[in-house]
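Overview (structure and organization)
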Protein chains: 2
Amino acid sequence: MSFNITILGSASAKPTVNRHPSSQVVNFHEQHYLIDAGEGCQQQMVRAGINPLKIRAVFISHLHGDHLYGLFPLISTMGLCGRKTALQIFAPAPFGEILENHLRYFDREIPYPVEWVEVRTTEHALLFENKTLEVWSIPLRHRVPCAGFLFREKQPPLNVDKFKITKYGLSIAEITTAKRGEDIVREEEIIPNGEVTYRPYAPRSYAYLSDTNFSAKAATLCHGVDLMYHEATYSAEEQRNARDRGHSTSTDAAKAALKAEARRLVIGHYSSRYKDEQVLVDEARTLFAETYPAVEGETFFIEKRTDRP
Amino acid sequence: MSFNITILGSASAKPTVNRHPSSQVVNFHEQHYLIDAGEGCQQQMVRAGINPLKIRAVFISHLHGDHLYGLFPLISTMGLCGRKTALQIFAPAPFGEILENHLRYFDREIPYPVEWVEVRTTEHALLFENKTLEVWSIPLRHRVPCAGFLFREKQPPLNVDKFKITKYGLSIAEITTAKRGEDIVREEEIIPNGEVTYRPYAPRSYAYLSDTNFSAKAATLCHGVDLMYHEATYSAEEQRNARDRGHSTSTDAAKAALKAEARRLVIGHYSSRYKDEQVLVDEARTLFAETYPAVEGETFFIEKRTDRP
């Protein structure tokens with residue numbers, strides 16, 4: 001029941017020797033989701049040991065090239081490799097027009113359908129759902145319409161406490177009832193569901209917030225998140241520059257993590273002027289100790305938490 | 001008076017960990033020209049110590065993504081960095097439509113003009129010319145319209161032989177006449193131009209032939225070329241596969257170099273199945289000894305040749 005995030009790109013728009021533009025892969029229960037697709041993301045996947053063909057869906061925060069140019073080569077490669085499964089791409093308008101042009105000139109005959117799902121960047125809406133996962137949009141504050149993404153694990157199924165099975169002499173039928181979340185009703189007594197069941201672990205969550213100015217509202221929508229990625233293009237002394245360009249400083253990122261009461265913060269989208277991102281990490285840590293740098297090829301694991309001993 | 005070629009990408013379409021798709025930079029007299037623009041070419045330039053802003057013109061052989069996807073991020077970066085100089089892009093139709101779409105959605109406000117010049121892929125035509133250089137199209141045989149490019153140095157200006165100046169007692173006016181290529185006409189005699197002048201070195205040339213089946217006609221158009229880049233996607237045993245897909249084997253590349261009487265051959269555009277390209281080089285060398293592999297980041301220098309001692 002994995003839930004982890006691999007960083008493919010940690011840079012902002014200008015190319016550097018060692019950093020790629022924005023891109024990440026979320027591995028949730030062995031299903032892979034791509035968030036943003038900066039140039040080179042398919043090669044970065046191969047380097048990180050992730051098969052690009054395994055991407056189930058793509059989430060694009062906004063239509064700036066440094067978050068998108070790597071998607072088109074990826075679409076081509078998937079076709080070249082004979083993908084059959086539909087690929088869903090969640091992105092703001094007018095991505096549909098861009099996709100249509102791409103398919104017309106480059107991938108007219110790919111063997112799988114590519115489906116665009118519009119992300120309305122002013123709404124906090126459920127975009128994607130399966131049995132175990134929900135993905136929500138988070139409105140962000142950038143120069144162009146932009147949304148973050150909140151990956152929320154659904155409540156895991158209830159477990160029945162072994163000691164309570166013995167204590168109450170639960171039958172197989174009663175255990176099934178308890179697992180459904182219902183009370184056990186006997187002739188002589190009612191055993192409340194909470195008395196015999198527990199959640200094996202708390203549902204986990206991951207928030208991706210880039211590109212954006214500091215937004216208290218966005219942070220609030222991610223309240224209690226296990227891991228928050230927040231862009232930190234600039235250091236605190238570039239506050240004004242950051243604000244004018246629709247970006248954040250390391251301090252803004254830390255403030256967002258504090259506001260959200262996040263457990264851990266990952267910063268990235270570094271301006272090319274910072275050859276070493278440690279200055280940004282150190283700055284953020286003065287406000288939020290659990291800050292870590294986005295490093296390409298590295299994976300952040302979100303472990304299960306349980307209150308039970 | 002440099003004339004050298006730096007390999008940015010050596011792979012064919014499928015991404016690998018270590019190889020990038022097709023792209024090269026020709027440095028001719030410190031003017032930089034990009035040939036093909038596979039994904040990641042701007043980062044590869046930075047790695048090779050070539051400033052992406054210095055590219056004067058771009059030559060695109062054909063409209064397959066692995067030769068083109070890296071151009072759009074490069075156009076954006078040039079804008080971001082404040083380029084003012086026009087960028088000429090030589091490419092087959094309908095590149096103009098693709099460019100127009102790109103500019104509409106991604107680079108509406110870049111501070112420099114981007115100009116498309118159509119390459120007619122069935123013609124051997126002069127595409128570009130300045131005082132010292134000509135670039136010609138070479139029709140190729142691929143699955144889609146495709147042209148190679150022949151970079152030809154113009155004849156360098158004539159030098160006047162110092163010993164002949166003394167021997168004939170040439171005046172300044174007579175030296176100027178000789179440098180113009182004219183005979184020296186005196187009352188008592190005519191000194192033929194060839195008697196007192198010489199070319200300081202033979203004009204140099206570079207041919208880029210990718211993607212293509214073997215083409216005797218293309219090879220003939222490059223006759224006497226100093227350096228030929230020819231694609232060698234497959235080894236000789238994949239001859240049929242190569243032919244069906246509009247590609248070449250290492251043997252095809254060697255045959256083209258032989259036919260052209262090229263001085264040296266560089267092969268590239270390796271299929272991802274060849275982890276080590278040495279097998280392709282070895283195969284080509286059985287026919288054409290002066291074969292070298294395209295290795296990313298490496299530069300091939302074309303030195304001046306002179307017949308004078």
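Given the structure is predicted, the values throughout are model-derived calculations rather than measurements. (Residues numbered from 1 in each chain as written. Chains lettered and ligands numbered in written order. Predicted model: local features only at pLDDT ≥ 70, side-chain atom pairs only at ≥ 80, totals over all residues. Heavy atoms only, no water.)

This brings us to the overall build of chain A. When helices and strands are counted, chain A shows 10 helices and 18 strands. Along the first, second and third principal axes, the C-alpha set of chain A runs to 70 × 50 × 35 Å. The proportion of buried residues among the 309 residues of chain A is 57%. Sequence separation of 24 or more characterises 65% of the internal contacts of chain A that already satisfy a separation of 6 or more. When the accessible surface of chain A is totalled, it reaches about 13400 Å², and 50% of it is carbon and sulfur. (Helix = DSSP H or I, 4+ residues; strand = E, 2+ residues; numbered from the N terminus. Buried < 20%, exposed > 50% of the residue type's maximum accessible area, 1.4 Å probe, protein only. Contact = heavy atoms within 4.5 Å. Areas by Shrake-Rupley, 256 points an atom, 1.4 Å probe, with all protein chains shown as cover.)

With 34 residues of chain B at the contact, the number on the chain A side is 34 residues. Here chain B meets chain A over a buried area of about 2700 Å², counting both sides, of which 63% is carbon and sulfur. Scanning the region where chain B abuts chain A turns up zero salt bridges. Counting across the interface, chain B meets chain A through 19 residue pairs in polar contact (both at pLDDT 80 or more). When residues of the side of chain B that touches chain A are traced back to their parent elements, those giving at least two are helix H1 (41-47), helix H2 (71-80) and helix H3 (95-105) of chain B. Split into classes, the residues belonging to the side of chain B that touches chain A amount to 16 nonpolar, 12 polar and six charged. (Buried area = accessible area lost by both parts, 1.4 Å probe. Salt bridge = Lys/Arg side-chain N within 4 Å of Asp/Glu carboxyl O. Polar contact = N/O pair within 3.5 Å; in protein donor to acceptor, adjacent residues only side chain to side chain. Nonpolar A, V, L, I, M, F, W, Y, C, P; charged D, E, K, R; others polar.)

Attention now moves to the relation of the copies chain B and chain A. Overlaying chain B on chain A yields an RMSD of 0.1 Å, the required transformation being a rotation through 180 degrees with an accompanying axial translation of 0.1 Å. The transformation relating the two chain copies, once decomposed into turn and shift, fits a two-fold axis. Scanning chain B for the C-alpha nearest the rotation axis identifies B:Gly40, at a separation of 2.9 Å. Comparing interface residues between copies, 100% of those in chain B also sit at the interface in chain A, which points to an isologous, same-surface contact. (Least-squares fit on C-alpha atoms with pLDDT ≥ 70 in both.)

Moving on to the nonpolar core. Grouped together as the largest cluster of nonpolar side chains are 58 residues, with contacts concentrated most on A:Leu34, A:Leu71, A:Ile89, B:Leu34, B:Leu71 and B:Ile89. Residue contacts for A:Leu34: discarding those within four places in its chain leaves A:Leu8, A:Ser23, A:Gln24, A:Val25, A:Cys41, A:Met45, A:Ile55, A:Ala57, A:Val58, A:Phe59 and A:Leu74. (Core = buried A, V, L, I, M, F, W, Y, C linked by side-chain atoms within 4.5 Å.)

Here we take up the pairing of strand E7 (residues 126-129) of chain B. All names here are of chain B. Judged from the three bridges that link them, E7 and strand E8 (residues 133-139) form a sheet pairing that is antiparallel. Looking at the pairing, Leu 126 lines up with Trp 136 of E8. Where E7 folds back on E8, the antiparallel hairpin that results is connected by three residues. (Pairing = 2+ DSSP bridges.)

So, on to unusual backbone geometry. Residues A:Ser210 and A:Asp211 are joined by a peptide bond in cis, for which omega reads -5 degrees. Mapped onto the fold, A:Asp211 is located in the loop between strand E14 (205-209) and helix H7 (216-221). Look at the link from B:Ala93 to B:Pro94: it is a cis peptide, with omega at 0 degrees. Here B:Pro94 lies in the loop between strand E5 (87-91) and H3. One non-glycine residue, A:Asp36, adopts positive backbone phi at about 60 degrees. On the secondary structure map, A:Asp36 appears in strand E3 (residues 31-37). Overall, A:Asp36 belongs to the buried group, its relative accessible area being 0%.

With that settled, consider H3(B). Listed as buried for H3(B) are B:Phe95, B:Gly96, B:Ile98, B:Leu99, B:Asn101, B:His102 and B:Tyr105. Of the surrounding elements, those touching the buried residues of H3(B) are helix H3 (95-105) of chain A together with H2, E5 and strand E6 (114-118) of chain B.

Relative orientation of the contacting elements H3(A) and H3(B) amounts to 165 degrees, with a least axis distance of 11 Å. Here H3(A) is positioned roughly antiparallel relative to H3(B), judged by the angle of their axes. Our pair here, H3(A) against H3(B), has a crossing hand that is left-handed. Listed contacts from H3(B) to A:Glu97, A:Ile98, A:Asn101 and A:Tyr105 of H3(A) are B:Glu97, B:Ile98, B:Asn101 and B:Tyr105. (Axes fitted to C-alpha atoms, helices over the stretch in contact; angles between N-to-C directions. Parallel < 35°, antiparallel > 145°, perpendicular 65-115°, else oblique. Left-handed = near helix turned anticlockwise from the far one by under 90°.)

All names here are of chain B. Burial runs high along strand E14 (residues 205-209): five of the five residues are buried. Neither face of E14 is left uncovered, since the one carrying Ser 205, Ala 207 and Leu 209 and the one carrying Tyr 206 and Tyr 208 both have all their residues buried. With four bridges connecting them, strand E9 (residues 147-153) and E14 associate as antiparallel partners. Among the inter-strand pairings, Arg 152 is bridged to a residue of E14, identified as Ser 205.

The next thing to look at is the sheet that holds strand E4 (residues 55-59) of chain A. All names here are of chain A. Strand order in this open sheet of seven strands is E6-E5-E4-E3-E2-E1-E18, and the pairing throughout is mixed. The two strands at the open ends of the sheet, each matched to only one other strand, are strand E6 (114-118) and strand E18 (299-301). Averaged over neighbouring strand pairs, the angle between their axes works out to 20 degrees when direction is ignored. Two elements, strand E2 (residues 23-28) and E3, share six bridges in a ladder whose sense is antiparallel. Note that in E3 the partner of Ser 23 across the bridge is Ala 37. Along the sheet, helix H2 (residues 71-80) makes contact with E3, E4, strand E5 (87-91) and E6, crossing E5 at roughly 170 degrees. Seen against the sheet, H3 touches E5 and E6 and runs at an angle of roughly 165 degrees to E6.

In this section: the sheet that holds strand E15 (residues 227-231) of chain B. All names here are of chain B. With mixed pairing, the seven strands of this open sheet are ordered in space as E7-E8-E9-E14-E15-E16-E17. Taken across any chain shown, the strands that pair with only one partner, and hence form the sheet edges, are E7 and strand E17 (291-293). Strand-to-strand, the axes of this sheet are offset by a mean angle of 20 degrees, without reference to chain direction. As paired elements, strand E16 (residues 264-268) and E17 share three bridges and run parallel to each other. Bridged to Val 266 within E17 is Tyr 292. Across the face of the sheet, helix H9 (residues 250-260) comes into contact with E15 and E16 while running at roughly 150 degrees to E15.

In short, the description is geometric, and any link to function would need to be established separately.
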